[in-house]
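Chains, contacts and geometry: an overview
Listed below are the residues making up each chain.
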Amino acid sequence: QKYIHNPLLIHRRKFDIRTFVLMTSVNANTKVFIYEEGYLRTSCREYSINNLSNRLVHLTNDAVQKRAEDYGKFEPGNKLSYNEFQQLLDKNYPDLNICFERDIVSQMNKLTTDVFRACHGKLDPKRRLNTMEVFGLDFMIDDEFKTYLIEVNTNPCLELSCPLLARLIPTMLENALKIGMDANFMPPENFTMKKTFIGDPCPENRFQLCFD
């Protein structure tokens, strides 16, 4: 591995991008879906390559950052949405015309597809009848806007530590269960469910198939 020494910074602070991926395996058929919304995780300390011992400078995950006195000082829960990041790009790099969806998300989606194309045969070697899992993938961008996959998490954090995640994560999980569970557990014939809520909690599925 090589340390990314020239990361793109937000107000001189390091960040990475967390995305969610759903893998389902039904009758030995593996499918992988990318959730269309993720979020940025920021550091609350200014970045310096001269100080490698301070974890708050280099590691953006909550397990590290939430111990800092400045946690949440710059962004709620040290998190930013894709739209907020696009606004920063427009403000700080107007001449480059960087479109996050076109230029960055496309790179992340390609890397995600390559990862599961390479290892899907090892993720469910016994080919169980039905299985599903949500993964958290972490990406970084360097100062030339090249995107790197730095980590795949099999147990991603689902803590609702800020308003952004309180909206994003429950909807993502509802979407994942709709794909991975609902189709395999249909209600019995003549079953009538009493409506206890108004509207569908998951009216539009936001996972996109990237590997089949």
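In this report, the structure presented in the accompanying data block is examined. Note that the structure is a prediction, hence the values are computed from the model and not measured. Position numbers for residues start from 1 in each chain and track the written sequence from start to end. Only residues with pLDDT of at least 70 are given local features in this predicted model, and only at 80 or more are side-chain atom pairs given and counted; all residues enter the totals for whole chains, interfaces and linings. The side-chain figures draw on all heavy atoms in the structure; neither hydrogens nor water molecules are used.

A closer look at helix 3 (residues 82-92)
Exposed residues in this analysis have more than 50% of their type's maximum accessible area, buried residues have under 20%, and partly exposed residues fall in between, with area computed by a 1.4 Å probe over protein chains only. For the purposes of this entry, the term helix denotes a DSSP run of H or I that reaches at least four residues, the term strand denotes a run of E that reaches at least two, and both are numbered from the N terminus. Three or more residues of helix 3 are buried, namely Tyr-82, Phe-85, Gln-86, Leu-88 and Leu-89. In an axial view of helix 3, the angular spread of the buried residues amounts to 160°, which keeps them on one side of the axis. Among the exposed residues of helix 3, those oriented more than 90 degrees off its buried face are Asn-83, Gln-87 and Lys-91. Think of the arc as the fan of directions from the helix axis to the C-beta atoms.

Some details on helix 4 (residues 100-123)
Spanning 24 residues, helix 4 covers only 30 Å between terminal C-alpha atoms, well under the ideal 34 Å at 1.5 Å per step. To get the bend at any residue, fit one axis to the seven residues that end at it and another to the seven that begin at it, then take the angle between the two axes. Taken as a whole, helix 4 carries its principal kink of about 40° at Arg-117. For helix 4, the complete set of buried residues consists of Phe-100, Ile-104, Val-105, Met-108, Thr-112, Thr-113 and Phe-116. Contacts: residue pairs with any heavy atoms within 4.5 Å of one another. On its buried face, helix 4 is in contact with strand 1 (13-26), strand 2 (29-35), helix 3, strand 5 (130-141), strand 6 (147-153) and strand 7 (207-211). Any helix carries an expected span of 1.5 Å times its number of residues minus one.

Focus: the side chain of Arg-18
Checked against the element boundaries, Arg-18 lands in strand 1. The class of Arg-18 is buried, set by a relative accessible area of 3%. When sequence neighbours within four positions are dropped, the list of residues in contact with Arg-18 reads Gly-38, Tyr-39, Arg-41, Tyr-82, Gly-136, Leu-137, Asp-138, Asn-153, Pro-156 and Cys-157.

Here we look at the packing of aromatic side chains
Any two rings among Phe, Tyr and Trp, with Trp reduced to its six-membered ring, count as a pair given centres within 6.5 Å; such a pair is stacked if its planes are under 30 degrees apart, edge-to-face if over 60, and tilted if neither. Scanning all chains against the criterion turns up 7 aromatic pairs. Their ring planes at 85° and their centres at 5.4 Å tell us that Phe-85 and Phe-100 sit as a pair that is edge-to-face. Here Phe-85 is found in helix 3, whereas its partner Phe-100 is found in helix 4, with 15 residues between them in sequence. As far as the burial class goes, Phe-85 and Phe-100 line up, both buried. An angle of 70° between the planes, with centres 5.5 Å apart, marks the rings of Phe-116 and Phe-135 as edge-to-face. Of the two residues, Phe-116 sits in helix 4 while Phe-135 sits in strand 5, which places them 19 residues apart along the sequence. A relative accessible area of 2% means that Phe-116 is categorised as buried. Relative accessible area serves as the criterion here: at 3%, Phe-135 is assigned to the buried category. Counting every residue linked through ring pairs, the aromatic cluster contains Phe-15, Tyr-82, Phe-85 and Phe-100.

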